[in-house]
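Remarks on the overall topology
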Amino acid sequence: QLQLVESGGGLVQAGGSLTLSCAASGYISGYGMGWFRQAPGKEHAFVAAITTDDTTYYADAVKGRFTISRDNAENMVYLQMKSLKPEDTAVYYCNADPNGYGYLNPGDSWGQGTQVIVSS
């Protein structure tokens, strides 16, 4: 199994920036990679994805502010977040999609996640 560890979360003021990292235990070149988030009291929601051919997808709520990228050589995935808003507050999770897309909700296969808190 491919193990994923998220990091980089923290407390940031509204309008600020933060970059999240996802480190994989093995090769990610064959996987679509996605970021999801769970806000307090809500279900996991799609944030961003990057496919095996580097096509990117974003939720409307983050489009233009967040950028997903991948470094296959280092087995790393990143989520650059800018112009952060209080509604971005959530625990962020990385996911690997063996089908190559990355934007489908994996259901119950979430890892530890990393918490992002945006203060107003």
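Let me sum up the structure you'll find in this document. (Residues numbered from 1 in each chain as written. Predicted model: local features only at pLDDT ≥ 70, side-chain atom pairs only at ≥ 80, totals over all residues. Heavy atoms only, no water.)

So, about the overall build of the protein. Summing up its helical and strand segments, the protein has zero helices and 10 strands in all. Each helix (α) and strand (β) of the protein, taken in turn from the N terminus, gives the series β-β-β-β-β-β-β-β-β-β. By the compact-globule yardstick of 14 Å for 120 residues, the protein fits well, its C-alpha radius of gyration being 13 Å. Expressed as lengths along the three principal axes of its C-alpha atoms, the size of the protein is roughly 40 × 25 × 25 Å. The buried share among the 120 residues of the protein stands at 43%. Once local pairs closer than 6 in sequence are excluded, the contacts in the protein between residues at least 24 apart make up 61%. Accessible surface for the protein amounts to roughly 6,300 Å². Of this, 46% is attributable to carbon and sulfur atoms. (Helix = DSSP H or I, 4+ residues; strand = E, 2+ residues; numbered from the N terminus. Rg over C-alpha atoms; globule rule 2.2 N^0.38 Å. Buried < 20%, exposed > 50% of the residue type's maximum accessible area, 1.4 Å probe, protein only. Contact = heavy atoms within 4.5 Å. Areas by Shrake-Rupley, 256 points an atom, 1.4 Å probe, with all protein chains shown as cover.)

Following the criterion strictly, the structure yields three salt bridges and no others. Residue R37 is joined to D88 by a salt bridge in which the shortest nitrogen-to-oxygen separation is 2.9 Å. Pair noted here: R37 is in strand β4 (residues 32-38) and D88 is in the loop between β8 (76-81) and β9 (90-97), with a separation of 51 residues, a long-range link. Assigned by exposure class, R37 and D88 land together as buried. As a salt-bridge pair, D88 and R65 come within 2.8 Å of each other at their nearest N and O atoms. Linking D88 in the loop between β8 and β9 with R65 in the loop between β6 (56-58) and β7 (66-71), this pair joins segments that are 23 residues apart in sequence. When its relative accessible area of 11% is taken as the criterion, R65 is described as buried. Here the salt bridges do not stand alone but share partners, grouping R37, R65 and D88 into one network. (Salt bridge = Lys/Arg side-chain N within 4 Å of Asp/Glu carboxyl O.)

We note that N75 has phi near 55°; this positive angle belongs to a residue other than glycine. Inspection of the secondary structure assignment puts N75 in the loop between β7 and β8. Accessibility expressed as a relative area gives 14% for N75, which makes it buried. Non-glycine residue S83 carries a positive phi angle of around 50°. Mapped onto the elements, S83 comes out in the loop between β8 and β9.

The next point concerns the sheet that holds strand β5 (residues 44-50). Strands sit in the order β2-β10-β9-β4-β5-β6 across an open sheet of six strands; the sheet is mixed. Looking at strand neighbours, the two that pair on one side only are β2 (10-13) and β6, the edges of this open sheet. Across the sheet, the mean angle from the axis of one strand to that of its neighbour is 30°, orientation sign disregarded. Two strands pair when backbone bridges link them, and β2 and strand β10 (residues 114-119) are joined in this way by four bridges, in the parallel orientation. The residue of β10 that forms the bridge with Q13 is S119. (Pairing = 2+ DSSP bridges. Axes fitted to C-alpha atoms, helices over the stretch in contact; angles between N-to-C directions.)

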